[in-house]
Amino acid sequence: MSAPNPASTGLFINGQRETGQDVRIGNVTAAISVANIVKSSLGPVGLDKMLVDDIGDVLITNDGATILKSLEVEHPAARVLVDLANLQDQEVGDGTTSVVIIASELLRRGNDLVKNGIHPTTIISGYRSALKAAVAYIKKEMVVNVSELNDDHLIQAAKTSMSSKIIGKESDFFAKLAVDAVKSVKMNATAADVAGYEAMGQSSASNDSKARFKYPLSAIHILKAHGKSSLESHLIDGGFAINAMRAAQGMPTFVESPSAGEPVKIAMLDMNLQRHRMGMGVQVIVKDPAEIENIKKREMDITKERIRRIIDAGARVVLTTKGVDDLCMKYFVEAGIICARRCNREDLKRLAKATGGRVVTTMADMEGNEAFDAECLGSCDSVREVRIGDGEMLYVYGCKGHGASTIVLRGANEYMLDEMDRALHDSLCVVKRMLESNTLVPGGGAAEAALSVYLDDYAHTIESREQLVIQEYADALLVIPKTLAVNAAKDASELVAKLRSVHAKGQHSSDEADAELKFMGLDLIEGTIRNNLDAGVVEPAISKIKSLRFATEAAITILRIDDRITLNDSKGLAR
Amino acid sequence: MTVPRGEILQERSKGRDVRISNIVAAKALASCIRTSLGPRGMDKLLQLPSGEVLISNDGATILSKMNVLHPAAKMLVECSQSQDIEAGDGTTSVVVLAGALLDACTGLLSKGIHPAMIASSFYRAAEACCELLTGAAMPVDMKDRSSLIHAVQTCLSSKVVSQNSDLLAPIAVDSVLKILGEDPSGATNVDLRDVRMVEQLGGTVDDTELVDGLVFDKGSTKTAGGPSQIDNAKIALIQFCLSAPKTDMDNNVVVSDYAAMDRILREERKYILNMCKKIKKTGANVVLIQKSILRDAYNELSLHFLAKMGILVVTDIERTDVEFVCRTLGCTPAPHVDSLTPEKLGSAAHVGDVVLPGSGHKVVKFVGVANSGCTSTVLLRGSNDLVLAEANRSVHDAQCVVRSLVKQRYLIAGGGAAETEASLRLRELALETTGMDSHCFKAYADALEVIPYTLAENAGLKPIEIVTELRKAHAEGTVGAGINVKKGRITDMYDENVIQPLLVTTSAIKLATETVCMILKVDDLVVVM
C-alpha cells in the first residue's frame, strides 16, 4: 500500500506534489550542492569565495555563514542548511562551514541507507543515539579541563579559529588582540543574566563562580579604516573610538583633565540642539512685525539655555545623536569644548557604559523645569581627535566606567577590512566561549577522528539495524579531516587512515603512554600527524558539541520529510 | 438526443460517476497524509505561494494549507478541522479513517447496495463502536497527574518535538490544570485561550518553561535608564497616553508672543509630570502602557520622569492582551489618569528583565503573582522558526488532549489498540445481525483496521503480520494490546502507558463516518460557472 505514482492519485490541489524517494533525493541533492559550495573554504588552507551581487557589490569571504547568507538559496531543504549555518553563527560564532559539511554528509549517507532498504525512522533514531554517544564521549574523554585558563590557551584557540581566515598569516598578532579585547570587557553579570541562567538551570556547580562574569562582545567596538597594513591595526585598551569628528574647526582637538584626579566629563545626548520648533498644531500668528524677531530670538534662546546648562554641569565633551545648529557652535567653541553631532546611537550607548555615564534624552527635572543632571556625565582621562586614513575619529582614553574597548582595523582595501572584521568576530566568539566554559578540545580533525573510531566500536555493541546507521554516522564525521586534507592538497585517504589507526590504538590500549594518542590530529602544513593539543590547535568544547547537535538536528529535519507540496499562487486559481 | 446549443445552462454529470469521482478524490487526500500518522510518521514539506516553508506532521495544519480544489476532498479537510476543534488531536487519523471507509464503500457499491443503506448502516456501526469503546475505556481522575502526562506523551510521540516530550508533557498538563483552578473535578470545558504561548527564538526546545506568572515577549523600555528589576511590584495597566495632548485637526494653538512659547513648553512638561506623579502616588512601581494608534502612548519625557521615579515601564501592550494581563495580575485597566486608584493595581513578588541564554534577547517576567486568576503562560524556545512553530502546534495539541479529558474523563489504550478492539467486537456484532447491516458492519470493521495497519507500515514493520497478531491478541482478551513501535511488536499498551483520551477516538470515528455518509449521498455534481 505504498504511495502510488503521485500523478495517478489525482490529488486535486493547485500545485505540484512529490513523494517518497523522489523528494528525499531532491532534498539531499540540494543540501549537498550547498555544502559543496563552502567545502573548499574549510581549514587553514581553505580558499576564499568572491561573491558579486546584482548591483555589482563584491564580497570576498571564507566564512561559511556569510557565504550562504548571500546566496539567496531557494530550495527549502537547502534553506534548512543555510539556517543551520546562521544558527551556528549566532550561538557559537565559529565552525559555520564544518557544521554544514557534516550535515550534508549525514544526509548523503542517510539517503544511501534508505536506498538500501532501511526505513528513514530507523536512520533517524540511529543518528540520535549516535549523537548521544558522541556527545557523551566528548564530555568524558576529549575535553581538557583547564582549571586556570591562562592567556596561552586563549591565544591558541583564537589562533586556531583564525588560521583559516585572511588574517591567519598574522595570527600571532591578531590572536593577542582578540584575547586582550575580550578580557577588557569582562563585567559582572547583571541581575537579569543571573535570573536567566537560573531559570534555565545552568548554574551548575562547576561554573558557579565563573557564571558571575560575562563578556559582552557588543562592548567591543570594531572600527574599520582604510589604509596602512593590517599589522597596524590596534586595540585601544580601556578606550573608545567614535566615528565622528568635531562639529566646528574652532574646537580644540585635544581635551585632557585640567588637574590630576579630575576627570574629563563627557555629555552624551540623544536630543536635538537645533533651533527649537514648536510642535504640530501650534501656530505662530503675530500682528506686530517686531514680534517675529522676538520669537526667532526666543527659539534660539531655548536651545542656548540648554547648552548653557550642559556646559555649567561641567561637560568638556558633548556628543549628540542628532543635529547641532551652526549658530550654537559658537557657545561650544567659546567654552573650548569638543562637540560632535550625528553620532551613532548604539555607539553612544556603549560609550555611556564605558564611561559610567548615561545617554540623556530629555532635560526635564522633577519640578517640571529644565536642568542638566551632572550624574549623567561620563568621565575619562582625555579625548583626542585623531586623523586615521581619510577621516577623523574621536578617541576617548581611560574610560572610568565598565570595560569597553575598541579595535581599529587597518587594511589595504574595503573587502579585506570586511573579511578581517568577520574573522575577528569569530575569534572573539571563540575566546568568549573559552572564558565562559573553561574547557577545550583538540582541533585539526582530532575530535572527529576520535569520535569516528569510538562510534565504530560502539556500533558493534548494537544488535539492531541501527548498527549500520551508527557506522555511517561514524564515517560521516571523517568528512572533516578528509576535507581538511584535500583542501591542503595532501593525500586525504592515507592521512585519514593513519589518523584513524592512531586513534584506534589509543582507544584500545590500556597503556598510560597511549592515552595521549587521542589528541592526535592533522598537521596540514607538513602533511603529517601530530598531537594537536601540544601544538596548540584547540577549540572550545562547547562549540564542538553544539555543532554536532545542530548538524544532526538539521539532517534529521530533512530526512523526516517524505512529501513535498508546492502550491501555486492562488491568483492562478481564479483564472 | 441532441440538445440545441444555448439551452444547456449548466454542465452536469450524474450518479455513479460522480460518486466514484468524489470517492477517488477524497481517498487521494487521505493517502497523501497517511504517511504522517503515528510516532514514526514522516513530515511534509509545504512550500506556500508566498515562498514560506512549512514542515509539519500535524494533519489539520497540512490540510488547511494545502489549498485543496475538489469539493469532496474539501469535505475531508473540513472534517479534520472539526476534529481539531472538537478534540485537538487525531486530525490525521480522522482523515485516514475516512479514506478507509470510502474504500470500503466502493466495494459495497459495486455489489449494488444502495448508498443510503450503506450510510445508515455506517451510522449504526459508528454508534455501536463508540458504545463498545466507552465500555472498554478506563475512567480517569483529573487529579491523577501522571495518567494525564502519559496521555499527553502519547500525543507528543508523533511530533517533531517527541524527544522533548519528557519536558513538554508536564508543561502542557500543568498549564491546563492551572486554568482549571483548585477543583478540577467540576469543570466541563477549558478555554485554551487562557494559556498564553510566548515564542522566543534561540536556545533549544529543552529550554521551554511554564512560567508562574506572566511573560512579555520583549524587555522593559529602558531608553531613559529606568530600573529593570523590581521587588514587591505594584502593577498599573494604563490605557491613556503619557504624552503631550494633541489638538484636533481643525484646531490650533496660537502663539502670538515669545512668552507663550515658554509657557507651552513648561505646561507640556508640567502636564506629563503631573500624570506621572499621579501614577506614582497610587504606589505603582511597574507601569504597563497599552499600545495607542491615535497618539504616542509615551514619549521620551514621560519615560524620563517614570525612570526618575524608579518605575519600570513596559510599553506596547496589545489591546487584545489587556484582558489576559488583567486577569493574570489581578489589576484593572485605567482609561484615565484620574481613575487610576491603588485598588486597581495588581501585584507580583518580582518583576524583571530576564536575558534568555542562547539568543541574548530580553523578556519581562512577572513572578510570584499573589492570587493570579486562572491563566498560565508557556515560554517556548526553539532553534529556528520552523521548529518553534511546530513546537507551538505540538504543545497546543497536547493541551487539547488534556481538554478532551476534561470534557470526557475516560482514557483508552493507544497504538491501534482501541481501533482493533472496536473492529473485533463489531465483527462479532455483524455475526449476530442479519441483512444489510451485517454486510456493512463487516466492511466497517475491516476499514477500522487501517489505523493499526498504517501505524505498522509507517514504523517500517510488516503490516500484515503485525495486524493479524494484534487481532489474535485481542481475540484472546488482551484489551490493551497495541503496536509497540519502539520494540516492533505487540505489547499491552496500558503497561507501556501509551494511552489517549476516549474523546479523540470516538470523535474521530463519528466525524469520519458522518463525512463519508455525506459524500456517499451525493449523486450529482453541478458546476455553476
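Let me sum up the structure you'll find in this document.

Here is what the cut-offs are and how they apply
- Residues numbered from 1 in each chain as written.
- Chains lettered and ligands numbered in written order.
- Predicted model: local features only at pLDDT ≥ 70, side-chain atom pairs only at ≥ 80, totals over all residues.
- Heavy atoms only, no water.
- Pairing = 2+ DSSP bridges.
- Helix = DSSP H or I, 4+ residues; strand = E, 2+ residues; numbered from the N terminus.
- Axes fitted to C-alpha atoms, helices over the stretch in contact; angles between N-to-C directions.
- Contact = heavy atoms within 4.5 Å.
- Buried area = accessible area lost by both parts, 1.4 Å probe.
- Salt bridge = Lys/Arg side-chain N within 4 Å of Asp/Glu carboxyl O.
- Nonpolar A, V, L, I, M, F, W, Y, C, P; charged D, E, K, R; others polar.
- Buried < 20%, exposed > 50% of the residue type's maximum accessible area, 1.4 Å probe, protein only.
- Phe/Tyr/Trp six-rings, centres within 6.5 Å; stacked < 30°, edge-to-face > 60°.
- Lys NZ or Arg CZ within 6 Å of the ring centre and 35° of its normal.
- Core = buried A, V, L, I, M, F, W, Y, C linked by side-chain atoms within 4.5 Å.
- Expected span 1.5 Å × (residues − 1).
- Parallel < 35°, antiparallel > 145°, perpendicular 65-115°, else oblique.

### Here we look at the sheet that holds strand β2 (residues 43-47) of chain B
Turning to step 1, where the next piece is worked out: Taken in spatial order, the four strands of this open sheet run β1(A)-β24(A)-β2(B)-β3(B), and their pairing is mixed. A strand with exactly one partner marks an edge of an open sheet, and here the two such strands are β1 (15-19) of chain A together with β3 (53-56) of chain B. Adjacent strand axes in the sheet meet at a mean angle of 15 degrees when their direction is disregarded.
Turning to step 2, where the next piece is worked out: Examined bridge by bridge, β1(A) and strand β24 (residues 561-567) of chain A share five bridges and lie antiparallel to one another. In the strand pairing of β24(A), A:G15 is matched with A:L567.

### Regarding the interface of chain A and chain B
Turning to step 1, where the next piece is worked out: Each partner contributes residues to the interface: chain A has 71 residues there, and chain B has 76 residues.
Turning to step 2, where the next piece is worked out: Across the chain A/chain B interface, buried area totals approximately 6500 Å², and carbon plus sulfur atoms make up 61% of it.
Turning to step 3, where the next piece is worked out: At the junction of chain A with chain B, the criterion picks out four salt bridges.
Turning to step 4, where the next piece is worked out: Of the charged contacts in the structure, one is a salt bridge between B:D43 and A:R560, with a shortest N-O distance of 2.9 Å.
Turning to step 5, where the next piece is worked out: Counting only elements with at least two residues in the side of chain A that touches chain B, the list comes to α4 (76-91), α6 (120-142), α9 (191-199), β12 (282-284), α10 (289-312), α19 (541-559) and β24 of chain A.
Turning to step 6, where the next piece is worked out: Each residue belonging to the side of chain A that touches chain B can be placed in one class, and the counts come to 28 nonpolar, 19 polar and 24 charged.
Turning to step 7, where the next piece is worked out: Summarising the sheet, β24(A) and β2(B) pair through five bridges and their orientation is parallel. Directly across from A:T566, in β2(B), lies its bridge partner B:Q47.

### A closer look at unusual backbone geometry
Turning to step 1, where the next piece is worked out: Positioned with a positive phi, A:R342 is a non-glycine residue whose angle comes to about 55 degrees.
Turning to step 2, where the next piece is worked out: The exposure class assigned to A:R342 is exposed, which follows from its relative accessible area of 54%.
Turning to step 3, where the next piece is worked out: A positive phi is found at B:N497, a non-glycine position, where the angle reads about 60 degrees.
Turning to step 4, where the next piece is worked out: Examined against the element boundaries, B:N497 turns out to sit in the loop between α16 (493-496) and β18 (499-501).
Turning to step 5, where the next piece is worked out: Judged by its relative accessible area of 32%, B:N497 falls in the partly exposed class.

### So, the packing of aromatic side chains
Turning to step 1, where the next piece is worked out: A complete count under the given rule lists seven aromatic pairs over all chains for this structure.
Turning to step 2, where the next piece is worked out: Note on A:Y395 and A:Y397: the rings are 5.9 Å apart at their centroids and 55 degrees apart in plane angle, and the pair reads as tilted.
Turning to step 3, where the next piece is worked out: A:Y395 gets classed as buried once you look at its relative accessible area, which sits at 4%.
Turning to step 4, where the next piece is worked out: Judged by its relative accessible area of 29%, A:Y397 is partly exposed.
Turning to step 5, where the next piece is worked out: Between the aromatic rings of B:F122 and B:Y444, the centroid separation amounts to 5.2 Å while the plane-to-plane angle is 75 degrees, which identifies the pairing as edge-to-face. With B:F122 in helix α5 (residues 115-136) and B:Y444 in helix α13 (residues 436-448), this residue pair connects regions lying 322 residues apart in the sequence.
Turning to step 6, where the next piece is worked out: For B:F122, a relative accessible area of 0% corresponds to the buried category.
Turning to step 7, where the next piece is worked out: Among the residues examined, B:Y444 registers a relative accessible area of 0% and is labelled buried.
Turning to step 8, where the next piece is worked out: Three or more aromatic residues link up through ring pairs in this structure, and these residues are A:Y137, A:Y454 and A:Y458.
Turning to step 9, where the next piece is worked out: For A:R384, the ring lying beneath its charged end belongs to A:F254, and the centroid distance is 4.1 Å.

### A look at the pattern of salt bridges
Residues and elements named next belong to chain B.
Turning to step 1, where the next piece is worked out: Using the criterion set out here, one finds 47 salt bridges over all chains in the structure.
Turning to step 2, where the next piece is worked out: Measuring nitrogen to oxygen at the nearest pair gives 2.9 Å for the salt bridge that ties K291 to E318. In this pair, K291 is assigned in the loop between β10 (286-290) and α9 (300-308) and E318 in the loop between β11 (312-317) and α10 (322-329), connecting sequence segments 27 residues apart.
Turning to step 3, where the next piece is worked out: Among the residues examined, K291 registers a relative accessible area of 41% and is labelled partly exposed.
Turning to step 4, where the next piece is worked out: Two residues, E428 and R425, come together in a salt bridge whose shortest N-O distance is 3.0 Å. Taken as a pair, E428 and R425 lie in helix α12 (residues 417-432) at a separation of three residues, close to a single helical turn.
Turning to step 5, where the next piece is worked out: Overall, the relative accessible area of 37% leaves E428 in the partly exposed class.
Turning to step 6, where the next piece is worked out: Relative accessible area serves as the criterion here: at 24%, R425 is assigned to the partly exposed category.

### Structural notes on the nonpolar core
Turning to step 1, where the next piece is worked out: If you look at the biggest cluster of nonpolar residues, it comprises 85 residues, and the most contacted ones within it are A:V100, A:I123, A:Y127, A:I138, A:L455, A:Y473 and A:L548.
Turning to step 2, where the next piece is worked out: With 11 residues, the single largest contributor to this core is α6(A).
Turning to step 3, where the next piece is worked out: One finds B:A26, B:L97, B:A418 and B:L426 within the second-largest nonpolar core, a separate group that totals 65 residues.

### Overview of helix α4 (residues 91-110) of chain B
Residues and elements named next belong to chain B.
Turning to step 1, where the next piece is worked out: Over its 20 residues, α4 extends 30 Å from the first C-alpha to the last, a length consistent with the 28 Å expected when each residue adds 1.5 Å.
Turning to step 2, where the next piece is worked out: Across the 20 residues that make up α4, a large majority, 16, are buried.
Turning to step 3, where the next piece is worked out: Immediately downstream of α4, the backbone of G112 shows phi near 90 degrees, a positive value.

### Here we look at the packing of helix α15 (residues 466-477) of chain A against helix α16 (residues 479-487) of chain A
Residues and elements named next belong to chain A.
Turning to step 1, where the next piece is worked out: It is the contact of α15 with α16, at a shortest axis distance of 4 Å, that shows an interaxial angle of 25 degrees. Taken together, the axis directions place α15 and α16 in an arrangement best described as roughly parallel. Between α15, through D475, A476 and L477, and α16, the contact on the second element is made entirely by V479, I480 and P481.

These figures come from the coordinates and say nothing about function on their own.
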